[in-house]
Amino acid sequence: MNWGVFEGLLSGVNKYSTAFGRIWLSVVFIFRLLVYVVAAERVWSDDHKDFDCNTRQPGCTNVCFDHFFPVSHIRLWALQLILVTCPSLLVIMHVAYREAKEQRHRAAGGDDCRCIYPNPGKKRGGLWWTYLLSLVFKAGVDVVFLYIFYRFYRNYTLPRLVKCELPPCPNVVDCFISRPTEKNIFTLFMVVTACVCIVLSLVEAAYLIGKRCRECLLAGSGESGRQSQDCMLSSTEPAGTGGQVFHGVDYKPPTASIPAMASSPATASSPGTLPEEEDLP
């Protein structure tokens, strides 16, 4: 395995994830992947070789082992880890597609053109749906594999002794499983970590949906607040027709004092009297 490439993928997933997503990634990487690679794979390495039956009939041991262990734990866990981590890589590919599209847009329109994605890693639009569907898919994969393990191995445990009477076994034979206690411990550990990952994925999905609903409600309340403010401003203006303003019956128009014009004594007279005649010489 190329750990440099794997480290780059993990850093990309961690960069575009929420806090719950980072916790999920830590659980998958430390408690599932490392345990699988370091310990669990060695425990099941001698699975078929140490499966002993108290008969020497050719083919009986192989038939009984295939009946009680149709799929190995190791191969199921490997397939489960691959399918669980693929949606996170899909999110990284979506962000890379956005960045490439933004670069092509800038190359075509210049640096002064309007950005299509100001922040390509921000979960908006199609990336939000991709991230949400990836969470649902990861939780669904874990649930399906838990059901498969439960159908193959009741209560997720392995018995110490199994009885097999399938042909070509001559009669009912006893078969013994190697290290059943250690295998049960690892099986239950992987089951618990898978349940924790399911809970984290569902909590993160609920967090994303709740955050989006809150943003929509705040945007709607802000828009309604602006509309109500505009209505209040328009209602305070006086009603008029044709530019003429109507007032109430108690309205008194303002009066302006007109200054009296200065007149000479010879020509000033009262409005109701005629001017006197001049004396002849």
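Quick note: structure is the one above.
**Here we look at helix H2 (residues 19-43)**
Here's step 1: Over its 25 residues, H2 runs 34 Å from end to end, which matches the ideal 36 Å to within 8%, given 1.5 Å per residue.
Here's step 2: All of the buried residues along H2 are Gly-21, Trp-24, Leu-25, Val-27, Val-28, Arg-32, Leu-33, Val-35, Tyr-36, Ala-40 and Val-43.

**Looking at the sheet that holds strand S1 (residues 52-53)**
Here's step 1: What the three strands build is an open sheet, ordered S1-S3-S2; its pairing is antiparallel. Strands at the two margins of the open sheet, each flanked by one partner only, are S1 and strand S2 (161-164).
Here's step 2: Here four bridges tie S2 to strand S3 (residues 173-176), and the two strands are oriented antiparallel to one another. Across the sheet, Val-162 pairs through a bridge with Cys-175, a residue of S3.

**Re the side chain of Ser-134**
Here's step 1: With respect to the helices and strands, the residue Ser-134 is situated in helix H5 (residues 126-152).
Here's step 2: Within polar-contact distance, the side chain of Ser-134 engages the backbone oxygen of Tyr-131 at 2.5 Å.
Here's step 3: Beyond its immediate sequence surroundings of up to four residues, Ser-134 is in contact with Pro-87 and Val-91.

**Focus: the pairing of S3**
Here's step 1: Pairing analysis gives two bridges linking S1 to S3, with the strands arranged antiparallel. Bridging across to S3, Cys-53 finds its partner in Cys-175.

**Points about the state of the cysteines**
Between two cysteines, a covalent bond joining their sulfur atoms is known as a disulfide.
Here's step 1: Enumeration according to the criterion identifies three disulfides in this entry.
Here's step 2: Paired by a disulfide, Cys-53 and Cys-175 hold their sulfur atoms 2.0 Å apart. Linking Cys-53 and Cys-175, the disulfide has an S-S dihedral of approximately 105° and is accordingly described as right-handed. Linking Cys-53 in strand S1 with Cys-175 in strand S3, this pair joins segments that are 122 residues apart in sequence. Accessibility classification places Cys-53 together with Cys-175 in one group, the buried group.
Here's step 3: Between the sulfur atoms of Cys-64 and its disulfide partner Cys-164 the distance amounts to 2.1 Å.

Parameters and conventions
Residues numbered from 1 in each chain as written. Predicted model: local features only at pLDDT ≥ 70, side-chain atom pairs only at ≥ 80, totals over all residues. Heavy atoms only, no water. Helix = DSSP H or I, 4+ residues; strand = E, 2+ residues; numbered from the N terminus. Expected span 1.5 Å × (residues − 1). Buried < 20%, exposed > 50% of the residue type's maximum accessible area, 1.4 Å probe, protein only. Pairing = 2+ DSSP bridges. Polar contact = N/O pair within 3.5 Å; in protein donor to acceptor, adjacent residues only side chain to side chain. Contact = heavy atoms within 4.5 Å. Disulfide = S-S within 2.5 Å.

Geometric values such as these leave the question of function open.
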